[in-house]
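# Descriptive analysis of the structure
Each chain, letter by letter, is given below.
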Amino acid sequence: MKYVLVTGGVVSGLGKGVTASSIGVLLKGCGLRVTSIKIDPYLNTDAGTMSPFEHGEVFVLDDGGEVDLDLGNYERFLDIKLTRDNNITTGKIYQSVIDKERRGEYLGKTVQVVPHITDEIQEWIERVAMNPVDGTEEAADVCVIELGGTIGDIESMPFIEALGQFSYRVGPRNFCLVHVSLVPVLNVVGEQKTKPTQHSVRGLRGLGLIPDILACRSTQPLEEQVKVKLAQFCHVPIPNIINLHDVTNIWHIPLLLRDQKAHEAILKVLDLQCVGKVPREPKLSEWTDRASKCDKLKTPVRIAMVGKYTGLSDSYLSVLKALLHASVALNRKLVVEWVPSCDLEGSTAQETPDAYEKAWKSLRGADGVLVPGGFGDRGVQGKILAAKYARESNVPYLGICLGMQIAVIEFARSVMKLDGANSTEFDPATKTPCVIFMPEGSKTHMGATMRLGSRRTLFQVKNCKSAKLYGNASYVDERHRHRYEVNPDMVQEFEKAGLSFVGRDESGKRMEIIELPTHRFFIGAQFHPEFKSRPGNPSPLFLGLIAAASGQLDHLLQRLKGRGICSNGHVMKVYKNGHVMKPLKGLVNGHYPATGNGPIPI
């Protein structure tokens, strides 16, 4: 096994996750199997209880792991399926060591950071790196490890020590360190400054880690004399100094690495140049086409994102990526209209009328409305108003998790005239509980007590839009993260009023997908389809939203007729009885049949 460690210096938020993902893409393009591990030095066991404002979105894996959003980058870029163990936290490591101590596995020894914590980190990495992640039974050739935080952070010290030991443990030809650092430009001077990177590398060396490659973040391409200076003071060869300057979209990053021969530098450090299955140049034609296509798109499609975390886009990172995947596939330039749900409410009209007018103007000017998942009662009334606007105005609507529950509550209030209808999450004493707490949930413990991970949804109505978008498949496996659900005792009443529950779980008691059959496009999903969307495999429900918002839905549904899509987005043949076969091979150029506006890549 070969290991590539990605660290960061100077400041946080440099894009280590995208850099690590892009390195993985590059190596995968060279014919290698790649897996990824993210190390987060915080004490939380996982990201499940963290606020999106604190750490961005919580990404959910198939096994129910609530992990850092960078694992979403890994899955999207590399098209792999990771597990909760691919996200290492200080909490997990200490918990494992303490459990071993309680079982007496240390034979009475004094348990210390060195060697017990550091050994646990190394053993965890070696164990997880061997797990197959690409759908085969074969282990990866290279494991890309990202160390979260910035070099010098006190909470990272045990991991730095462990990784320093690990580099000696696996040997110099099996370990490559890529250090991502900032090369800023001071406006007063107008030149690129290398001193922050010099100090960062010096600190890294002082901690026992020596960088093999420097990945320099900057606004503009590095000047040649800057590279010479960095090589001189950081003791890194010029060919191993890679510049990651600002680009129009992140799909250019693997191409930047390729163009600067980063793969040759990595393969040389890892002594992989002579391996027969590794080509000299990575195959990235798909990435080149996608990056170029994204830059050339001009016809806009406007989607109103109605939520309470609109101040930080990372809070909805996977949703944004899923929208982007679908819009690029349908040849549309995505324009996201951020609408704070609180600003749609009547109280805002009284307190800050300008914000109220701006929010409603953005909502009314959008081609489609999306209400993503969330927790808590702040801004709920605004989300209900957004769902009502979309329903009454025949504007395409997609509600995810809470967004589906909101749509159910709005329907009960407005159509069924149940004025007190609500979720017990927002009003525990409501007399008309449309949405209730799951019976197996815990109200005392919050971490990992929700309905999490991949669960099966069975379609109840064959000709509904959702089933058609999934290619008339009889079921779909999608990832969940919720602790409230539609009240099954009210389902019959809802369906009599015209709300169709077209998808249910295997027990038939949990409502998974809702639709308004008479509406242009009004769909709610209890699961989170964004977590399985890929650049080349757009999520079917997001594809439907963008298609409806851009006037392409009829063409899309016609072309998808008779084909199914399994949970990883691959096209499947569908028998007349609704059962599915293995993914079809030999599709024309690897695309869906062309819609009226061009092919949809998968």
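Conventions we followed
Residues numbered from 1 in each chain as written. Predicted model: local features only at pLDDT ≥ 70, side-chain atom pairs only at ≥ 80, totals over all residues. Heavy atoms only, no water. UniProt positions renumbered as here; feature names shortened; annotations may be inferred. Helix = DSSP H or I, 4+ residues; strand = E, 2+ residues; numbered from the N terminus. Rg over C-alpha atoms; globule rule 2.2 N^0.38 Å. Buried < 20%, exposed > 50% of the residue type's maximum accessible area, 1.4 Å probe, protein only. Contact = heavy atoms within 4.5 Å. Areas by Shrake-Rupley, 256 points an atom, 1.4 Å probe, with all protein chains shown as cover. Lys, Arg positive; Asp, Glu negative; His and termini not counted. Charge placed at Lys NZ, Arg CZ, Asp CG, Glu CD. Salt bridge = Lys/Arg side-chain N within 4 Å of Asp/Glu carboxyl O. pLDDT = per-residue confidence, 0-100. Axes fitted to C-alpha atoms, helices over the stretch in contact; angles between N-to-C directions. Parallel < 35°, antiparallel > 145°, perpendicular 65-115°, else oblique. Nonpolar A, V, L, I, M, F, W, Y, C, P; charged D, E, K, R; others polar. Phe/Tyr/Trp six-rings, centres within 6.5 Å; stacked < 30°, edge-to-face > 60°. Lys NZ or Arg CZ within 6 Å of the ring centre and 35° of its normal. Patch = residues over 30% accessible without salt bridge, like charges linked within 9 Å, V, L, I, M, F, W, Y side chains within 5 Å. Pairing = 2+ DSSP bridges. Core = buried A, V, L, I, M, F, W, Y, C linked by side-chain atoms within 4.5 Å. Polar contact = N/O pair within 3.5 Å; in protein donor to acceptor, adjacent residues only side chain to side chain.

- As recorded in an unreviewed UniProt entry, the protein chain goes by the name CTP synthase, listed as coming from Urochloa decumbens.
- Per UniProt, the protein chain carries the Pathway (unreviewed entry) text "Pyrimidine metabolism; CTP biosynthesis via de novo pathway; CTP from UDP: step 2/2."
- Here the protein chain is described in UniProt, under the heading Sequence similarities (unreviewed entry), as follows: "Belongs to the CTP synthase family."

## Thoughts on the overall build of the protein chain
- Looking only at helices and strands, the protein chain features 20 helices and 24 strands.
- Radius of gyration (C-alpha) of the protein chain: 25 Å, near the 25 Å computed for a compact globule of 602 residues.
- Every one of the 602 residues in the protein chain was classed for burial, and the buried ones make up 57%.
- Considering only intrachain contacts with a sequence separation of at least 6, the fraction spanning at least 24 residues in the protein chain is 71%.
- Accessible area for the protein chain stands at about 25,100 Å²; split by element, carbon and sulfur atoms hold 51% of it.
- Placing the 72 positive and 66 negative side-chain charges of the protein chain at their respective mean positions leaves the two points 5 Å apart.

## A short note on the pattern of salt bridges
- Under the definition given, this model contains 31 salt bridges.
- The shortest N-O distance in the salt bridge between Glu495 and Arg504 comes to 3.8 Å.
- Residue Arg504 is classed as buried on the basis of its relative accessible area, which comes to 18%.
- Look at the salt bridges and you will find they share partners, linking Asp62, Glu75, Asp79, Lys81, Arg479, Lys532 and Arg534 into a network.

## Quick look at unusual backbone geometry
- In this structure, the amide linkage connecting Val114 to the following residue, Pro115, adopts the cis form with an omega of 20 degrees.
- Along the chain, Pro115 turns up in helix α5 (residues 113–129).
- Within the chain, Leu107 stands out as a residue other than glycine whose phi angle is a positive 55 degrees.
- Following the sequence through the fold, Leu107 ends up in the loop between α4 (90–102) and α5.
- Positioned with a positive phi, Lys417 is a non-glycine residue whose angle comes to about 60 degrees.
- One can find Lys417 in the loop between α16 (402–414) and β14 (421–423).
- Relative accessible area serves as the criterion here: at 61%, Lys417 is assigned to the exposed category.

## Some words on the environment of Ile117
- Residue placement: Ile117 occurs in helix α5.
- Not counting residues within four places of it along the chain, the set of residues in contact with Ile117 comprises Ile93, Tyr94, Val97, Gln112 and Pro158.

## Some words on the confidence of the model for the protein chain
- Residues at a pLDDT of 70 or more form 90% of the protein chain, whose mean pLDDT is 88.
- Taken element by element, the protein chain is modelled with least confidence in strand β24 (residues 580–583), mean pLDDT 35, and with most confidence in strand β13 (residues 397–400), mean pLDDT 98.

## Quick notes on the packing of helix α1 (residues 16–29) against helix α10 (residues 262–269)
- Where α1 meets α10, the closest approach of the two axes is 10 Å, and the angle between their N-to-C directions is 80 degrees. In this view, α1 runs roughly perpendicular relative to α10, as classed from their interaxial angle. Contacts between α1 and α10 involve Ile23, Leu26 and Leu27 from the first element and Ala262, His263, Ile266 and Leu267 from the second.
- Its residues assigned to classes, the contact of α1 with α10 comprises six nonpolar, one polar and no charged.

## Looking at α10
- Judged by how many residues are buried, α10 sits mostly within the fold: six of eight residues are covered.
- The complete set of buried residues in α10 reads Ala262, His263, Ala265, Ile266, Leu267 and Val269.
- Taken together, the buried residues of α10 touch β1 (2–8), α1, β7 (175–182), β8 (213–218), β9 (241–245) and α9 (253–259).
- Trailing α10 by a residue or two, Asp271 shows a phi angle of about 55 degrees, which is positive.

## What about the UniProt feature "domain: CTP synthase N-terminal" (unreviewed entry) in the protein chain?
- The UniProt entry lists residues 2–272 under the feature "domain: CTP synthase N-terminal" (unreviewed entry), expressed in the numbering used here.
- Across residues 2–272 one finds 40% helix and 17% strand; the C-alpha atoms that close the span lie 9 Å apart.

## What about the packing of aromatic side chains?
- This structure, assessed with the given rule, holds 12 aromatic pairs.
- Linked through ring pairs, Tyr3, Phe166 and Phe175 together constitute an aromatic cluster.
- Just above the ring of Trp287 sits the side chain of Arg290; from NZ or CZ to the centre is 5.2 Å.

## Considering a nonpolar patch on the surface
- On the surface, a cluster of nonpolar side chains totalling about 310 Å² of accessible area is made up of Tyr94, Ile98, Val113 and Val114.
- Those elements that place two or more of their residues in the nonpolar patch are α4 and α5.
- Here Val113 is to be found in helix α5.

## Let's talk about the sheet that holds strand β18 (residues 484–486)
- Pairing in this open sheet of three strands is mixed, and the strands run β14-β15-β18 from one edge to the other. Each end of this open sheet is capped by a strand with a single partner; those strands are β14 and β18. Strand-to-strand, the axes of this sheet are offset by a mean angle of 25 degrees, without reference to chain direction.
- One ladder, built from three bridges, connects β14 with strand β15 (residues 432–437); its direction is parallel. Within the sheet, the bridge partner assigned to Ser423 lies in β15 and is Val435.
- On the sheet, α16 packs against β14, β15 and β18 and is oriented at approximately 165 degrees with respect to β14.

## Regarding the nonpolar core
- Core analysis: the biggest nonpolar cluster contains 52 residues, and Val4, Ile23, Leu27, Cys176, Val178 and Ile266 have the highest contact counts within it.
- The element best represented in this core is α1, accounting for six residues.
- In contact with Val178, not counting residues within four places along its chain, are Val4, Leu5, Val6, Thr7, Ile23, Ile213 and Ala215.
- Of all hydrophobic cores here, the second largest spans 43 residues; its members include Met416, Ala421, Val435 and Leu516.

## Thoughts on the side chain of Glu57
- Here Glu57 lies in the loop between α2 (52–55) and β3 (59–60).
- Of the side chains with opposite charge, Arg76 lies nearest to the buried Glu57, which makes no salt bridge, at 4.7 Å.
- Within polar-contact distance, the side chain of Glu57 engages the side chain of Ser318 at 2.5 Å.
- Beyond its immediate chain neighbours, meaning those up to four positions away, Glu57 contacts Val67, Leu69, Asp314, Ser315, Tyr316, Leu317, Ser318 and Phe531.

## Examining the environment of Glu357
- Checked against the element boundaries, Glu357 lands in helix α14 (residues 353–364).
- On a C-alpha basis, the gap between Glu357 and Gly206 in space is 56 Å, while along the polypeptide they are 151 residues apart.

## Section: the pairing of β1
- Most of β1 sits out of view: seven of its seven residues are buried.
- Both faces of β1 are covered, namely the face carrying Lys2, Val4, Val6 and Gly8 and the face carrying Tyr3, Leu5 and Thr7.
- Here six bridges tie β1 to β7, and the two strands are oriented parallel to one another. Within β7, the residue paired with Leu5 across the bridge is Leu177.

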